[in-house]
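# Geometric and topological summary
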Amino acid sequence: MFTPGHLHRDNNDRPEHMRLLPPFSVDFYYEVRKDPEQGPMLHMRLVGDVDGRHFEEEFELHRDVAFNFASVATRIAARHGLHPNASPVMRGHDEYDKVFADIRSKLNLQPGEPVNLDHVL
């Protein structure tokens, strides 16, 4: 379920294609923070449970690489036991589109803006 700044994912109803996955419930929160040296940063927090084990992790991305949030969130969730195919962001593509549009709006990102490759690493 998407609301601006938050996406919730779980498999409590466990559709057939997710029955082999351990039970999970993950919340993905994000907001823009102003860093005095780096400028606008996308601050994200993943919190949830995978197979009964709680986790919480925060991370930030520079404005120019914020579009990569789904990849980072998927890797973090996988470290805590969530299969990459059950990504908290990518399961519902129309909700992912809403998250991406919300982030792009919050950061005032425009197509064609340059990316600092040092931020990618």
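Residues numbered from 1 in each chain as written. Predicted model: local features only at pLDDT ≥ 70, side-chain atom pairs only at ≥ 80, totals over all residues. Heavy atoms only, no water.

## Examining the sheet that holds strand β2 (residues 6-10)
As summarised here, the arrangement of the 5 strands in space is β1-β2-β3-β4-β5, forming an open sheet in which the pairing is antiparallel. Of all strands in the sheet, those bounded by a partner on one side alone are β1 (2-3) and β5 (53-62). Its contacts with the sheet put helix α2 (residues 93-107) on β1, β2, β3 (24-35) and β4 (39-50), and the angle it makes with β3 is roughly 15 degrees. (Pairing = 2+ DSSP bridges. Helix = DSSP H or I, 4+ residues; strand = E, 2+ residues; numbered from the N terminus. Contact = heavy atoms within 4.5 Å. Axes fitted to C-alpha atoms, helices over the stretch in contact; angles between N-to-C directions.)

## Quick look at the environment of Glu56
Position of Glu56 among the secondary structure elements: in strand β5. A distance of 3.3 Å separates the side chain of Glu56 from the side chain of Arg45, its partner in a polar contact. (Polar contact = N/O pair within 3.5 Å; in protein donor to acceptor, adjacent residues only side chain to side chain.)

## Description of a nonpolar patch on the surface
Together, Phe67, Val115, Leu117 and Val120 line one region of the surface with nonpolar side chains, adding up to about 380 Å² of accessible area. On the secondary structure map, Leu117 appears in helix α3 (residues 117-120). Residue classification places Leu117 among the exposed residues on the basis of a relative accessible area of 63%. (Patch = residues over 30% accessible without salt bridge, like charges linked within 9 Å, V, L, I, M, F, W, Y side chains within 5 Å. Areas by Shrake-Rupley, 256 points an atom, 1.4 Å probe, with all protein chains shown as cover. Salt bridge = Lys/Arg side-chain N within 4 Å of Asp/Glu carboxyl O. Buried < 20%, exposed > 50% of the residue type's maximum accessible area, 1.4 Å probe, protein only.)

## What about α2?
The terminal C-alpha atoms of α2, which comprises 15 residues, lie 21 Å apart, in line with the 21 Å expected from a rise of 1.5 Å per residue. Taken residue by residue, α2 has Glu95, Tyr96, Val99, Asp102, Ile103 and Leu107 as its buried positions. Mapping the buried residues of α2 onto a view down its axis gives an arc of 125 degrees, with all of them on the same face. With its phi angle positive at about 55 degrees, Asn108 sits one or two positions after the end of α2. (Expected span 1.5 Å × (residues − 1). Arc of directions from axis to C-beta.)

## What about the pairing of β4?
Strand direction decides the pairing type here: β3 and β4, joined by 12 bridges, are antiparallel. Of the residues in β4, the one forming a bridge with Asp35 is Gly39. As consecutive antiparallel partners, β3 and β4 are separated by 3 residues. In this structure, β4 lies alongside β5, joined through 10 bridges in antiparallel fashion. Following the sheet pairing, Met44 is matched in β5 by Phe59. Counting the residues in the hairpin turn of β4 and β5 gives 2 residues, including Asp51, whose phi is positive at 55 degrees.

## A closer look at the nonpolar core
Residues Phe28 and Phe69 are the most contacted members of the largest nonpolar core, which totals 28 residues. The set of elements that each furnish at least two residues to this core consists of β3, β4, β5, α1 (69-79) and α2. Take this core: its biggest share by element is 6 residues, from α1. (Core = buried A, V, L, I, M, F, W, Y, C linked by side-chain atoms within 4.5 Å.)

## Description of α1
For α1, every residue scored as buried is listed here: Phe69, Ala70, Val72, Ala73, Thr74, Ile76 and Ala77. Residues of α1 that are buried in the fold lie against β3, β4, β5 and α2. Residue Gly81 follows α1 closely and has a positive phi angle near 105 degrees.

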